[in-house]
Amino acid sequence: METEEEASGQMTDEIYTNGVDDESLSQQQQRRPIISGEQLDIEAYAALYTGRTKISRLIFIADKCGNVSMQLEALRMAYDEIKKGENTQLFREVVQKIDGRLGPNYSSDSGWMDAVDRRADQRKEKLENELNAYRTNLIKESIRMGYNDFGDFYYAHGALGDAFKNYVRTRDYCTTAKHIIHMCLNAILVSIEMGQFAHVTSYVSKAEQNKNDLDPITIAKLQCAAGLAHLEAKKYKHAARKFLETAPELGNNYSEVIAAQDVATYGGLCALAIIDNINFRNFLELVPEVRELIHNFYSSHYASCLEYLGNLKANLLLDIHLHDHVEMLYTQIRNKALIQYTHPFVSVDLNMMANAFKTTVAGLQKELEALITDNQIQARIDSHNKILYARHADQRKATFQRVLQTGIEFDRDVRGMLLRANLLKHDFNLKASRKI
Amino acid sequence: MNLNANSVDSLVAEIQGFSGSSQDVNHLNNLLKQSEDVIRSQAATFASCLTQLDPSIHSLGYLYILEACTAGPIPEAQANELVLSVVRFIDVCSVAQIRLVPDKFISICKRLHEQVMILGAPMRAVAPLLTAIRKIQPSSEHLTPLHPDFLQVCLLSKCYKTGYSILEDDVYEVDQPRDFFLYCYYGGMICIGQKRFAKALELFHNVVTAPMSSMNAIAVEAYKKYILVSLIHLRQFSATFPKYTSSVAQRNLKNFSQPYIELANSYSTGNISELEAFVVANQEKFENGNNLGLVKQVVSSMYKRNIQRLTQTYLTLSLQDIANTAQISTAKEAEMHVLEMIEDGEIYATINQKDGMVRFLEDPEEYKTCEMIEHIDSSISRIMKLSKKLTTMDESMACDPLYLSKVGRERQRFDFDDFDGVPQKFNL
């Protein structure tokens with residue numbers, strides 16, 4: 001723990017040199033950051049989540065971090081967490097991953113597993129009997145409850161496919177809008193765990209059809225789920241919108257899927273990459289780094305913005321949902337920063353720009369070249385004097401060029417058309433004369 | 001024998017007599033048509049009488065006899081003489097008279113073409129065939145069967161300029177699709193020789209998109225060259241056919257030109273070493289298609305494409321950087337490419353040899369000069385003429401009985417089918 005404190009101290013120093021004012025520095029120290037440049041504080045991180053996602057996030061970190069002490073830490077917590085539940089399959093996996101490295105306390109506990117399995121079998125039998133009884137009596141509400149219990153049961157034991165099936169089956173027995181929303185939320189939860197984000201989108205929209213019965217928290221939950229689905233489908237713009245729309249009521253109410261901090265991070269990064277204006281105070285307060293970097297971005301302190309991003313990167317790569325998209329979002333943000341930087345100027349000194357972006361002139365030149373080729377920046381580079389000149393499209397010239405080009409094309413097309421028409425006519429005549 | 005000699009003499013006399021007014025010539029034409037068999041059977045006897053006729057005055061009769069003489073197989077010894085006499089005839093004959101029997105005129109021109117090919121001297125037929133085309137053509141819009149032959153001899157004798165002169169005419173009236181295909185194919189090759197890639201592209205495009213009911217080798221070869229020229233000239237190739245392309249062509253052309261399609265794909269990646277490796281690997285295939293030269297031009301156009309891209313991004317760039325970005329091995333070579341492109345007017349730039357820098361400039365054309373305005377003016381009037389032609393054609397097609405009957409028939413059948421459907425439904 002001590003070493004971590006030190007690391008955090010170092011990092012704040014770094015930020016200080018980047019020109020962050022004292023005020024934000026003190027804020028930094030007051031609030032222990034969850035996601036920051038230092039090595040991820042797994043305990044604090046895990047505390048944000050509950051249920052299965054906590055375990056899967058821990059396992060994910062263990063798989064990706066590539067750092068033995070951190071890996072073991074994550075696995076240890078995952079082990080403890082699983083012990084509280086009934087998922088023996090996951091338990092076996094984690095034990096295998098630990099591979100005896102955490103001492104005898106964290107080895108395969110066959111007694112516990114047998115007990116859990118036995119209990120599970122009994123419970124399953126009981127549930128089956130109950131469900132059969134309900135079905136013969138044809139009491140809708142009871143049948144729904146029965147299926148729901150079955151879904152909960154399977155979910156707890158890690159049989160996600162069966163859980164999903166049972167949750168969805170309750171649909172036929174839903175009598176009120178509340179029931180439907182409940183069913184949808186369950187289905188969404190399981191789908192996210194399974195990584196089936198197509199289901200998530202469809203159940204979100206299904207739930208949203210019952211507008212009147214949605215309370216603010218549920219709305220926020222649904223928005224988060226939809227945001228995740230969009231993120232996963234690489235539709236960053238939609239994802240950003242969903243996260244930005246998420247109401248602050250969310251709080252810690254959806255910890256089995258997503259933490260409020262995550263909403264800030266995901267939403268902030270997606271929005272920064274795609275959308276122009278971010279008004280997102282409530283959540284951003286939770287993750288000062290993201291708030292700071294967005295603030296820096298808009299006040300044109302690109303170097304420190306990019307520095308923040310660089311610091312965050314290692315930990316974002318450990319995020320179960322964001323890891324695939326980090327690179328993409330980062331390039332987009334960087335490109336946007338470059339574009340925004342060049343936009344107001346007629347000419348830009350590349351040396352200064354390279355300084356502002358903490359990169360070399362040659363590297364910057366390459367990046368600018370790509371953006372110009374992509375037509376995202378209208379400018380040309382004077383590589384001799386290392387100056388970027390904005391290029392103002394000459395409307396008159398462009399119009400002349402276009403007109404002449406269109407003329408040539410029209411000319412060619414019409415001639416081709418006349419020719420083909422004549423050829424067709426010839427064919428006609430040939431056939432007709434043959435017939436006669 | 002005597003009788004024959006008589007008829008020969010009398011026919012020659014008639015030819016001499018009836019070559020004056022147009023009425024007389026028409027009369028003579030009828031006479032000659034009736035005695036065609038005689039002329040054919042006595043070709044040798046008639047040949048000796050040719051000396052009594054003046055090809056410029058007695059063109060019609062001369063043509064009949066000449067055609068008869070050349071109809072049979074020609075011994076090698078006489079080939080040279082025959083070529084000479086045909087060439088002389090084409091040179092001096094009267095346009096009005098030969099147009100009465102275009103078949104015969106075309107047939108002797110074809111024989112001429114055949115003979116110079118056998119003699120291995122295609123150059124000898126270039127000028128005569130050009131004259132022949134001009135004489136037999138009702139207007140410059142007509143494609144004659146002589147066009148492909150002419151272009152072929154031009155190609156073989158490398159007289160691209162002469163060949164190109166005929167390609168400048170817009171052709172609309174076509175008799176035989178085969179003539180048209182060959183005309184466009186050879187024409188395209190001549191344009192390549194003249195580096196008129198835009199025109200070449202247009203001609204090949206015409207072949208590829210021409211209506212056809214079955215595949216033909218000309219279209220396949222034209223498509224291959226179309227791909228290559230498109231890469232050289234436009235620096236890109238779109239593999240989708242325009243929707244007016246015949247379905248046969250759309251379905252089959254790509255299968256026949258697989259290596260070329262792959263070449264285009266490799267080109268689009270912009271990676272020179274990859275492209276070169278592909279060319280080396282498939283060298284034999286391109287060689288067999290006689291397209292290796294064009295393929296090499298494709299490779300060098302890749303360098304130019306990469307340099308041209310740089311002009312969009314840079315104002316100044318050192319030659320070394322150009323070499324690096326465009327994957328050219330040395331700065332010297334890059335300088336050569338840039339120089340070539342400046343000379344061809346593809347880019348506007350100045351090279352500063354002292355610092356080894358290239359300064360890219362904007363297109364200096366301001367669209368303010370008189371010439372430019374004249375150019376635009378002439379373009380407008382040309383296009384107006386063209387669209388008038390289109391309207392006329394549209395109208396004439398709308399009145400064409402053949403077209404109307406076909407359209408009418410189709411519609412009727414469609415209605416009938418519709419009608420037929422109803423009772424069937426009731427049967428169920």
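Residues numbered from 1 in each chain as written. Chains lettered and ligands numbered in written order. Predicted model: local features only at pLDDT ≥ 70, side-chain atom pairs only at ≥ 80, totals over all residues. Heavy atoms only, no water.

### Points about empty space enclosed by the protein
Then comes step 1: Counting across every chain of the model gives three cavities of 30 Å³ or more.
Then comes step 2: Approximately 130 Å³ is the volume attributed to the largest cavity.
Then comes step 3: Around the largest cavity sit 16 residues that line it, and Arg-415 and Leu-419 of chain A together with Val-171, Glu-202 and Asn-206 of chain B are the ones nearest its centre.
Then comes step 4: Going through the elements one at a time, α21 (395–435) of chain A together with α12 (177–193) and α13 (197–209) of chain B are the ones with two or more residues in the lining of the largest cavity.
Then comes step 5: Per-class residue counts for the lining of the largest cavity are eight nonpolar, two polar and six charged. (1 Å grid on protein atoms, 1.4 Å probe; cavity = no way out; pocket = protein on both sides within 12 Å on 5 of 7 lines; lining within 4 Å. Points joined across faces, edges and corners; volume = space filled by probe spheres on them. Helix = DSSP H or I, 4+ residues; strand = E, 2+ residues; numbered from the N terminus. Nonpolar A, V, L, I, M, F, W, Y, C, P; charged D, E, K, R; others polar.)

### Description of the pattern of salt bridges
Then comes step 1: Tallied over the full model, the rule gives 30 salt bridges over all chains.
Then comes step 2: Across the salt bridge formed by Asp-63 of chain A and Lys-97 of chain A, the nearest N and O atoms sit 3.6 Å from each other. Of this pair, Asp-63 of chain A sits in helix α4 (residues 51–65) while Lys-97 of chain A sits in helix α6 (residues 88–98); the two residues are 34 residues apart in sequence, bridging distant segments of the chain.
Then comes step 3: Overall, Asp-63 of chain A belongs to the partly exposed group, its relative accessible area being 47%.
Then comes step 4: For Asp-162 of chain A, the salt bridge is made with Lys-165 of chain A, and the minimal N-O distance between the two is 3.8 Å. Of the two residues, Asp-162 of chain A and Lys-165 of chain A are both situated in helix α9 (residues 160–169); the distance of three residues between them amounts to about one turn of the helix.
Then comes step 5: The network of salt bridges with shared partners includes Asp-411 and Arg-415 of chain A together with Asp-170, Glu-202 and Arg-382 of chain B. (Salt bridge = Lys/Arg side-chain N within 4 Å of Asp/Glu carboxyl O. Buried < 20%, exposed > 50% of the residue type's maximum accessible area, 1.4 Å probe, protein only.)

### Remarks on the packing of aromatic side chains
Residues and elements named next belong to chain A.
Then comes step 1: Inspection of every chain in the model, using the stated rule, returns 25 aromatic pairs over all chains.
Then comes step 2: Residues Phe-297 and Tyr-298 carry aromatic rings whose centres are separated by 5.3 Å and whose planes lie at 80 degrees to one another, so their mutual orientation is edge-to-face.
Then comes step 3: The partly exposed category is assigned to Tyr-298, whose relative accessible area is 35%.
Then comes step 4: Ring centres of Tyr-341 and Phe-345 lie 6.0 Å apart, and the angle between their planes is 50 degrees; this geometry places the pair in the tilted category. (Phe/Tyr/Trp six-rings, centres within 6.5 Å; stacked < 30°, edge-to-face > 60°.)

### Considerations on the confidence of the model for chain A
Then comes step 1: Averaged over every residue, the pLDDT of chain A is 78; residues scoring 70 or more account for 87%.
Then comes step 2: When pLDDT is averaged over each element of chain A, strand β1 (residues 347–349) of chain A comes out on top at 88 and helix α2 (residues 22–30) of chain A at the bottom at 38. (pLDDT = per-residue confidence, 0-100.)

### Considering α4 of chain A
Residues and elements named next belong to chain A.
Then comes step 1: The end-to-end C-alpha distance of α4 is 22 Å, a good match for the 21 Å that 15 residues give at a rise of 1.5 Å each.
Then comes step 2: With twelve of 15 residues buried, α4 lies mostly within the body of the structure.
Then comes step 3: Arg-52, Thr-53, Lys-54, Ile-55, Ser-56, Arg-57, Leu-58, Ile-59, Phe-60, Ile-61, Ala-62 and Cys-65 are the residues of α4 that are buried.
Then comes step 4: Once α4 ends, the next one or two residues include Gly-66, with phi positive near 65 degrees. (Expected span 1.5 Å × (residues − 1).)

### So, the pairing of strand β3 (residues 357–360) of chain B
Two faces make up the sheet, and in a regular strand the side chains alternate between them.
All names here are of chain B.
Then comes step 1: When strand β1 (residues 314–318) meets β3, the two strands line up antiparallel, connected through three bridges. Considered in β3, the bridge of Ser-318 is made with Met-357.
Then comes step 2: The sheet contact formed by strand β2 (residues 349–352) and β3 spans four bridges and is antiparallel. Counted as the bridge partner of Ala-349 is Phe-360 from β3.
Then comes step 3: Counting the residues in the hairpin turn of β2 and β3 gives four residues, including Gly-356, whose phi is positive at 70 degrees. (Pairing = 2+ DSSP bridges.)

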